[in-house]
Amino acid sequence: LTLPASTPVDVQLDNGDVAIAGWKADVAIHTRHGTISADRIQGAVDVTGGGSDVAVSNITGAVTLHGAFFGRLSFRNCAQSVHIRTDPGPGNTDIGLASLAGGLELDPGRITMDRVQDAEVSTRDKAVDIDGFSGPLDVSTGNSPVAATAAQPVAAPINITDRNADITLTLPPASVFQLHVEIHRGRVTNDFEGPEVPGGAPV
């Protein structure tokens, strides 16, 4: 289908692949089977339905994905908010970001992302690896490890909840924060132990 690039597009397809690149308007894609690719979109991208692999990159507007997608989901360089919700099943994943300067990959057993801002992640049975986050961070998972590395000294709250797996949080040496830990059948190691921190420091 060939249209002027400034035309908003709503694609609905039961079977087949969708590829849209170099578009200068909002794009909505609804599929049930197949792969999806959207690149260099000057507008919002909304993906719903289901299918296999999804690749979304270089988007100036908000990005949303909701549905039963079972392949590899890849997102890169999204200037505005990103909201991803995959279902059905007990391993539902819900991710919200204020922006994505780097990349985000969802594989069947792992979520990896880098250079994200204001991240919220809720999942289960998936390892979570976040490199270079800024702003508040909220992660909840189970049965798989979490590793998170801050891009700069802590300035906002960080909440990480995991069950039956390790949590590793890496912060710059200049970070000042209050640490609150609740743990059952495990141990805690804190390389920042030392002088008392101010009461107003982020938790």
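Starting from 1, residues in each chain are numbered consecutively following that chain's sequence as written. Side-chain atom pairs in this predicted model are given and counted only at pLDDT of 80 or more, local residue features only at pLDDT of at least 70, and totals for whole chains, interfaces and linings cover all residues. Excluded from the side-chain calculation are hydrogens and water; included are all heavy atoms of the structure.

A.B. asks: Lay out the overall build of the protein with the relevant residues and their values.
C.D. replies: Helix and strand assignments come from DSSP, with helices taken as H or I runs of at least 4 residues and strands as E runs of at least 2, each series counted from the N terminus. The secondary structure content of the protein amounts to zero helices and 16 strands. Along the longest, intermediate and shortest principal axes, the C-alpha atoms of the protein span 65 × 30 × 20 Å. Counting the 203 residues in the protein, one finds 38% classified as buried. Residue contacts follow a heavy-atom distance rule, with two residues in contact if any of their heavy atoms lie within 4.5 Å. Across the protein, every contact between residues at least 6 apart in sequence was considered, and the portion connecting residues at least 24 apart equals 12%. Total accessible area computed for the protein in this model is approximately 11,100 Å², and 48% of it derives from carbon and sulfur atoms. Each charge class in the protein was averaged separately, 13 positive and 24 negative side chains, and the resulting centres sit 4 Å apart. The buried label goes to any residue with under 20% of its type's maximum accessible area, the exposed label to any with over 50%, and the partly exposed label to all in between, with areas taken from a 1.4 Å probe on protein chains only. A 1.4 Å probe and the Shrake-Rupley method give the accessible areas. Residues count as covered only by the protein chains that appear here. Under the counting rule used here, the positive set is Lys and Arg, the negative set is Asp and Glu, and His together with the chain ends is not counted. Charge coordinates come from a single atom per side chain, which is NZ of Lys, CZ of Arg, CG of Asp or CD of Glu.

A.B. asks: Quick one: what's the story with the nonpolar core, residue by residue and with numbers?
C.D. replies: Nonpolar cores were defined as sets of buried Ala, Val, Leu, Ile, Met, Phe, Trp, Tyr and Cys residues, with membership established by side-chain atoms within 4.5 Å. Among the nonpolar cores identified, the biggest contains 46 residues, and Phe75, Ile95, Leu97, Leu104, Met113, Ile130 and Leu137 are the most heavily contacted of them. With residues up to four places along the chain from it excluded, the contact list for Leu137 reads Ala119, Ile130, Ala148, Pro157, Ile158, Asn159 and Ile160.

A.B. asks: How would you explain the environment of Gly34 if you had to name every residue and give the values?
C.D. replies: Note on placement: Gly34 falls in the loop between strand S3 (27–31) and strand S4 (36–41). Residue Gly34 is classed as partly exposed on the basis of its relative accessible area of 21%. Here the alpha-carbon distance between Gly34 and Val18, two residues 16 residues apart in the chain, equals 7.7 Å. Residues in contact with Gly34, not counting those within four places in the same chain, are Gly16, Asp17, Gly51, Ser52 and Asp53.

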